[in-house]
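# Tertiary structure, described
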Amino acid sequence: MAAAVRPWAREVLHVWFERLGPADWFGGGERVDALLRRRFEDTLCATGNRPAEEFLTDRKTARAAILLFDQIPRNLYRDSAQAFAWDGLAQALTHGFLARGWLAGLSRPQKQFVLMPLMHSEAIADQELSLRLFARHAPGSLDFARSHHRMIARFGRFPHRNDILGRKSSAAEKRAVANGFSW
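Residues numbered from 1 in each chain as written. Predicted model: local features only at pLDDT ≥ 70, side-chain atom pairs only at ≥ 80, totals over all residues. Heavy atoms only, no water.

## Here we look at the packing of helix H6 (residues 108–120) against helix H7 (residues 124–137)
Our working rule: The axes used here are C-alpha line fits, helices contributing only the stretch in contact, and every angle between their N-to-C directions lies in the interval 0 to 180 degrees. Runs of E in the DSSP output that reach at least two residues are strands. Runs of H or I that reach at least four are helices, and both are numbered from the N terminus. When an angle is under 35 degrees it counts as roughly parallel; over 145 it counts as roughly antiparallel; between 65 and 115 it counts as roughly perpendicular; any other value is oblique. Note: crossing handedness is left-handed where the near helix turns anticlockwise from the far helix by less than a right angle, and right-handed where it turns clockwise. Contacts: residue pairs with any heavy atoms within 4.5 Å of one another. Here the nonpolar group is Ala, Val, Leu, Ile, Met, Phe, Trp, Tyr, Cys and Pro; Asp, Glu, Lys and Arg are the charged ones; every other residue, Gly included, is treated as polar.
At a minimum axis distance of 8 Å, the contact between H6 and H7 shows a crossing angle of 165 degrees. Overall, the two elements H6 and H7 adopt an arrangement that is roughly antiparallel. For H6 against H7, the interelement crossing comes out left-handed. Residue-level contacts link Arg 108, Lys 111, Gln 112, Leu 115, Met 116, Leu 118, Met 119 and His 120 of H6 to Asp 126, Gln 127, Leu 129, Ser 130, Leu 133, Phe 134 and His 137 of H7. The residue makeup of the contact of H6 with H7, split by class, is 7 nonpolar, 5 polar and 3 charged.

Pasting the structure below:
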């Protein structure tokens with residue numbers, strides 16, 4: 001018997017893919033942040049300390065959890081360290097999702113957001129996997145994946161996160177950020 005999709009998961013998928021669209025996903029802004037905060041901040045905070053396995057019960061819950069722990073914090077906590085607080089969980093969910101073979105049959109935008117935690121990872125192995133998977137499943141975002149990979153391959157981290165994470169930037173990292181390598 002398949003696990004029932006949790007109500008919050010249905011709501012996350014509905015809001016992200018039916019109420020919001022590409023302009024909201026990549027342009028965001030106060031309106032989108034307020035909507036996501038009102039609808040999902042309590043769920044994020046209540047569930048963000050749970051192990052990945054608890055969200056890998058079915059494909060829809062897992063997809064929603066990936067959005068909840070990868071995309072939503074980037075909107076709610078923009079320009080703060082908390083924006084990245086759940087990255088490890090989102091990455092574990094993506095790896096679990098892939099291991100279960102759940103990527104097949106999803107639309108390109110759905111695949112893109114399942115794969116996004118790999119692009120956001122500061123681990124070179126995740127970046128390498130990101131390149132392979134974006135090339136195959138979301139080629140429209142491959143250039144973006146490549147630019148993320150270049151930063152990790154070069155610096156081992158994303159320099160644009162240094163200030164808010166309390167890390168000291170090298171001169172080369174500062175130049176990279178000044179040249180537009182900040183997302």
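Anyway, onward from the coordinates.
## A word on helix H1 (residues 7–19)
Put simply, the rule reads: Under the scheme applied here, a residue whose accessible area is under 20% of the maximum for its type counts as buried, over 50% as exposed, and between as partly exposed, the area being computed with a 1.4 Å probe on protein chains only. This arc describes the spread of directions from the helix axis toward the C-beta atoms.
Restricting attention to buried positions, one finds in H1 the residues Trp 8, Ala 9, Val 12, Leu 13, Val 15 and Trp 16. The buried residues of H1 occupy an angular sector of 165 degrees when the element is viewed end-on, so they sit on one face. Those residues of H1 that are exposed and aimed more than 90 degrees away from the buried face are Pro 7 and Glu 18. Each element contacted by the buried residues of H1 is listed here: helix H2 (22–27), helix H3 (30–47), helix H4 (59–76) and H6.

## Side note on helix H8 (residues 142–155)
Definition in use: To estimate the expected span of a helix, count its residues, drop one, and scale the result by 1.5 Å.
Counted at 1.5 Å a residue, the expected span for H8 with its 14 residues is 20 Å, and the 20 Å between its end C-alpha atoms agrees. Of all the positions in H8, only Leu 142, Ala 145, Ser 147, His 148, His 149, Met 151, Ile 152 and Phe 155 are classed as buried. Contact partners of the buried residues in H8: H6, H7 and helix H10 (171–178). Once H8 ends, the next one or two residues include Gly 156, with phi positive near 75 degrees.

Without other data, these values stay purely geometric and don't point to any function.
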